[in-house]
Amino acid sequence: MGILRKLRELRRARFGAPGILDFHFLCSELQELLGAGFPVLTALQTTAENTQNLRLRSSLRQLIWKISKGEKWDDSLRSLRPGFPPFLTNMLILGNKTGSLTTVLFLLAQYYH
């Protein structure tokens, strides 16, 4: 029974709605990449490739597509379906507007840890 339960948990983590640990990964990965000087699109692409949760990966790919087509960061984040939690979305928008996105991502990674 233990193995079946573990397999169900793994499946839920991969195919279910993103959870706290997924958002922790998202924020810490983006913070590291942007802090190292990677462009936003490259950081998003790398994060999308490395995430285990397929819904989060799909949202990141939508975000990449929208930004690469010239849509504003704010509008792209708000129009994601399924989107990020409102708190995360608003903090990412605030970080971008104030020029402190890496700092905000660092704090969000701690929040979701």
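Quick note: structure is the one above.
Residues numbered from 1 in each chain as written. Predicted model: local features only at pLDDT ≥ 70, side-chain atom pairs only at ≥ 80, totals over all residues. Heavy atoms only, no water.

Engineer: Explain the packing of aromatic side chains residue by residue, including any values.
Structural biologist: Counted by the stated rule, this structure contains four aromatic pairs. Centre to centre, the rings of Phe23 and Tyr112 are 5.6 Å apart; their planes meet at 45°, and the pair counts as tilted. Residue Phe23 is located in helix α2 (residues 20-35), and its partner Tyr112 is located in helix α7 (residues 101-112); the two are separated by 89 residues in the primary sequence. By relative accessible area, which is 7% here, Tyr112 ends up buried. An aromatic cluster is present here, built from Phe23, Phe84, Phe87, Tyr111 and Tyr112 joined pairwise through their rings. (Phe/Tyr/Trp six-rings, centres within 6.5 Å; stacked < 30°, edge-to-face > 60°. Helix = DSSP H or I, 4+ residues; strand = E, 2+ residues; numbered from the N terminus. Buried < 20%, exposed > 50% of the residue type's maximum accessible area, 1.4 Å probe, protein only.)

Engineer: An account of the packing of α2 against helix α3 (residues 40-50) is needed here, citing residue identities and associated values.
Structural biologist: Where α2 meets α3, the closest approach of the two axes is 9 Å, and the angle between their N-to-C directions is 140°. Relative to α3, the element α2 is oriented oblique. In this structure, α2 meets α3 at a crossing whose hand is right-handed. Residues Phe25, Leu26, Glu29, Leu30, Leu33 and Leu34 of α2 pack against Val40, Ala43, Leu44, Thr46, Thr47 and Asn50 of α3. In terms of residue class, the contact of α2 with α3 is made up of eight nonpolar, three polar and one charged. (Axes fitted to C-alpha atoms, helices over the stretch in contact; angles between N-to-C directions. Parallel < 35°, antiparallel > 145°, perpendicular 65-115°, else oblique. Left-handed = near helix turned anticlockwise from the far one by under 90°. Contact = heavy atoms within 4.5 Å. Nonpolar A, V, L, I, M, F, W, Y, C, P; charged D, E, K, R; others polar.)

Engineer: Which residues make up the packing of α3 against helix α4 (residues 54-68), and what values do they have?
Structural biologist: The angle between the axes and the distance between the axes are what describe a pair of packed helices. Running from N to C, α3 and α4 point in directions that differ by 160°, and their axes come no closer than 9 Å. Judged on the interaxial angle alone, α4 and α3 are roughly antiparallel. Crossing handedness for the pair α3 and α4: left-handed. Facing α3, whose interface residues are Leu41, Leu44, Gln45, Thr47, Ala48 and Glu49, α4 presents Arg57, Leu60, Leu63, Ile64, Ile67 and Ser68. For the contact of α3 with α4, the class distribution of residues is seven nonpolar, three polar and two charged.

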